[in-house]
Amino acid sequence: MKLYNSISKKIEEFIPINPNEVTMYFCGPTTYNYAHIGNARPAVIADLLFNVLTEIGYNVKYASNYTDIDDRIVAKALEQNKDALEISQFYIDAYVKDLKSLKVKKPQFTPKVSDTMDKIIHFIEELIAKGYAYEIGGDVYFDIDKVENYGIISHQKKEELIVGARIEENSDKRNPMDFALWKKTTTGKNWASPFSSGRPGWHSECVVMIQDVFKSNLIDIHGGGSDLKFPHHENEVIQCSALHNTTLANYWVHNGMIKVDGAKMSKSLGNVLFISDLVEKYGGNQMRWFILSSPYRLELILNEETLNNAVNEFNKVQIARRQLKVKLRLNHIEKNNVLNELYSKFLNELQNDLNVASANTVIFELIKKINQELRKKEFDIPLLQSYEYTLDKMLLVLGYEMEEIELDKVDFELFKAWENSKANKEFEVADLLRNRLIQRGRL
RNA sequence: GGUCCUUUAGCCAAGUGGUAAGGCAACAGACUGCAACUCUGUCACCAUCGGUUCAAAUCCGAUAGGGACCUCCA
């Protein structure tokens, strides 16, 4: 497996810490609203990465968190006179449903900030005790001047970052680059701590949840959107580096942003597209195909044309698969489990930093072979059986959820009657029968 | 101002030194009772300029365009 690593900015051979095991974490959503299509991309990419790693023999342990405490959540809670965690749970449920519609499997671990609070507070105490953080008026900040290796994710020099740093309202910080670990507040949901009543900073949460889930200060893969490189991931690394002298993860992977007609999705532009709306309009598998249609590290442009492109491509695969299965079942031919040689070609492409475009090329190669074989008067049964098995396996690795097609008595009768009426040139009857078969998803 | 990514046909894209995969769309045929599906065919001076090389989309340099990040952000 080859993976692009944001630390080295190169595609590297993936070598896990333990030979047959992979530990992986992707930053999950802050649950203050319904998930938009941009939120889906890292989840789909992670799901694919999980599948590929599993397929090539690794035992993958995958975690993705819910940031269920945040100023925006608290604001919404106050507005609606509800508990912040109630708001979070509502959007977590919606998010889970959205991801399911995109055929994303639930990670084995889905830690929440609110469940990890004691450990987060303890972690901040430890940073203070070791001299990497300081408290001012109940707030706690990480002291950027105490560390040297700041910038390994974003590849920016500390001095340059200081130039770019915006002037902040809190001028008590020793250095404008210092970031909050704990914020004192009694407005809305808050937790008691040795520093003050308040809420934790975003950057500490992920570190602690990773350590809590994996019981380790170093995991294999950490991912998220490229907009999280700085400051979020940079700050995760520096805390872990200060305390444990690790980069938290050996491989940092970042996906590019989704752009709507060339513009970044934002509330102010009013172009935020929710997963549920898109899935309803274009279909879940189709939206997954769309998300995977562009190299994961680059930006993905969403517009009418690119969406239709994805829908047409997926449907082409789906139609060929259905025709293949119907043909085999009509002839009472069972499934077998013989892999076509195309499969290894397919898997190799995915092992090259998830090159889905090239993997899809192999799928289309297979689709063409299937269509050609189906057209023949006398078809090669073992060949078609292996095509069926191979195609299903490919689609499974890419994570599509395909309907299994089994024919019942009614189907057999309909097909027989359809053929008869065509032979007898009773075309009106034939068309009725054909429509029924289409309705049943057999044509 | 700093850091980084990107530019291949109408669209999505593969390709990382030996002279352009695949898909969508379009068009033309074939198949078909009609339609859908399918099959066959057509469709690229690889942003520009310069350099290295026997050989460059691929390496180097410059220019131009598009974009991201620099404490809200997937």
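These notes cover the structure that comes with them. Everything numeric in this text was worked out from a predicted model, so none of it was measured.

Of note, His332 is situated in the loop between helix 10 (304-330) and helix 11 (342-351). For His332 and Leu407, which are 75 residues apart along the polypeptide, the C-alpha to C-alpha distance reads 9.6 Å.

On to the layout of surface pockets, then. Roughly 560 Å³ of internal volume is contained in the second largest pocket. Around the second largest pocket, the lining is made up of 16 residues, and of these Lys327, Phe415, Trp418, Glu419 and Leu443 lie nearest the centre. Residue assignment for the lining of the second largest pocket shows that the elements contributing at least two residues are helix 10, helix 12 (356-375) and helix 14 (409-423). For the lining of the second largest pocket, the leading source of residues is helix 14, giving five residues.

Here we take up the pairing of strand 5 (residues 133-136). Residues in a regular strand project their side chains so that they alternate between the two faces of the sheet. The pairing of strand 5 with strand 6 (residues 139-142) spans four bridges and is antiparallel. Residue Ile136 lies in a different strand from strand 6, and its bridge partner there is Asp139.

Next up on the list: the nonpolar core. If you look at the biggest cluster of nonpolar residues, it comprises 79 residues, and the most contacted ones within it are Leu53, Ile221 and Phe346. Looking at this core element by element, the count peaks at eleven residues for helix 1 (residues 37-55). When neighbours within four sequence positions are excluded, Ile221 is seen to be in contact with Leu3, Phe14, Val22, Thr23, Met24, Tyr25, Phe26, Leu49, Leu53, Ala249, Tyr251 and Val253. Among the nonpolar cores identified, the runner-up in size contains 47 residues, and Tyr25, Ile120, Tyr150 and Phe195 belong to it.

Turning to the side chain of Thr31, a few remarks are in order. Positionally, Thr31 belongs in the loop between strand 3 (21-26) and helix 1. Taking the relative accessible area as the measure of exposure, Thr31 reaches 2% and is therefore buried. Non-local contacts of Thr31, meaning those with residues more than four positions away in its chain, are made with Thr67, Asp68, Ile73, Ile87, Ser88, Tyr91 and Ile92.

The next thing to look at is the sheet that holds strand 12 (residues 263-264). Across the sheet, which stays open at both edges, the three strands sit in the order 12-11-13 with mixed pairing between neighbours. Among the strands making up the open sheet, the edge pair consists of strand 12 and strand 13 (300-302).

A word on the side chain of Thr390. As for its placement among the helices and strands, Thr390 is situated in helix 13 (residues 381-398). Here Thr390 is in contact with Val338, Leu339, Asn340, Tyr343 and Leu366, once residues within four sequence places are set aside.

Near RNA strand B you find 59 residues, and of these Pro176, Gly225, Leu228, Lys264 and Ser294 are the closest. Each atom of RNA strand B within 4 Å of the protein belongs either to a base or to sugar and phosphate, the latter forming 65%. Within the side chain of Asn312, an N or O atom sits 3.3 Å from a sugar or linking oxygen of RNA strand B. Taking Arg434, its side chain carries an N or O atom lying 2.9 Å from a base nitrogen of RNA strand B. For the surface near RNA strand B, the elements supplying multiple residues, two or more each, are helix 1, helix 5 (158-164), strand 9 (219-225), helix 7 (229-244), strand 11 (258-260), helix 10, helix 12 and helix 15 (427-439). Residues of the surface near RNA strand B, tallied by class, amount to 18 nonpolar, 22 polar and 19 charged.

The subject of this paragraph is the pattern of salt bridges. Going through the model one piece at a time under the given rule, you end up with 30 salt bridges. Of the charged contacts, one joins Asp212 and Lys119 as a salt bridge, the two residues approaching to 2.9 Å between their closest N and O atoms. Of this pair, Asp212 sits in helix 6 (residues 202-214) while Lys119 is found in helix 4 (residues 117-129), placing the two residues 93 residues apart along the sequence. Taking the shortest distance from any N to any O, the salt bridge between Asp411 and Arg440 comes out at 2.7 Å. Pair noted here: Asp411 is in helix 14 and Arg440 is in the segment after helix 15, with a separation of 29 residues, a long-range link. A cluster of three or more residues bridged by salt bridges with shared partners is formed by Arg321, Lys325, Arg329, Lys335, Glu388, Asp392 and Glu404.

What follows deals with unusual backbone geometry. Cis geometry marks the peptide bond from Phe230 to Pro231, where omega comes out at 5 degrees. If you trace the backbone, Pro231 turns up in helix 7. In this structure, Lys9 takes a positive phi of about 60 degrees despite not being glycine. If you trace the backbone, Lys9 turns up in the loop between strand 1 (2-5) and strand 2 (10-13). For Lys215, which is not a glycine, the phi torsion comes out positive at approximately 50 degrees.

Counting across every chain of the model gives 21 aromatic pairs. Judged by centre distance (6.2 Å) and plane angle (90 degrees), the rings of Phe26 and Tyr62 are edge-to-face. Of this pair, Phe26 sits in strand 3 while Tyr62 sits in strand 4 (residues 59-64), and the two are 36 residues apart along the sequence. Of the residues examined, Phe26 reaches a relative accessible area of 2% and is grouped as buried. Between the aromatic rings of Phe314 and Tyr400, the centroid separation amounts to 5.5 Å while the plane-to-plane angle is 50 degrees, which identifies the pairing as tilted.

One pass over the full model with this rule turns up zero disulfides. As a non-bridged cysteine, Cys27 has Cys206 as the owner of its nearest cysteine sulfur, 3.9 Å distant. The structure places no disulfide on Cys240, whose sulfur is separated from the nearest cysteine sulfur, that of Cys206, by 12 Å.

Once that is clear, we can look at the pairing of strand 2. In this structure, strand 1 lies alongside strand 2, joined through four bridges in antiparallel fashion. Directly across from Tyr4, in strand 2, lies its bridge partner Ile11. Linking strand 1 back to strand 2 in an antiparallel pair, the connection comprises four residues, with Lys9 at a positive phi of about 60 degrees.

The rules behind these values
Residues numbered from 1 in each chain as written. Chains lettered and ligands numbered in written order. Predicted model: local features only at pLDDT ≥ 70, side-chain atom pairs only at ≥ 80, totals over all residues. Heavy atoms only, no water. Helix = DSSP H or I, 4+ residues; strand = E, 2+ residues; numbered from the N terminus. 1 Å grid on protein atoms, 1.4 Å probe; cavity = no way out; pocket = protein on both sides within 12 Å on 5 of 7 lines; lining within 4 Å. Points joined across faces, edges and corners; volume = space filled by probe spheres on them. Pairing = 2+ DSSP bridges. Core = buried A, V, L, I, M, F, W, Y, C linked by side-chain atoms within 4.5 Å. Buried < 20%, exposed > 50% of the residue type's maximum accessible area, 1.4 Å probe, protein only. Contact = heavy atoms within 4.5 Å. Near = heavy atom within 4 Å. Polar contact = N/O pair within 3.5 Å; in protein donor to acceptor, adjacent residues only side chain to side chain. Nonpolar A, V, L, I, M, F, W, Y, C, P; charged D, E, K, R; others polar. Salt bridge = Lys/Arg side-chain N within 4 Å of Asp/Glu carboxyl O. Phe/Tyr/Trp six-rings, centres within 6.5 Å; stacked < 30°, edge-to-face > 60°. Disulfide = S-S within 2.5 Å.

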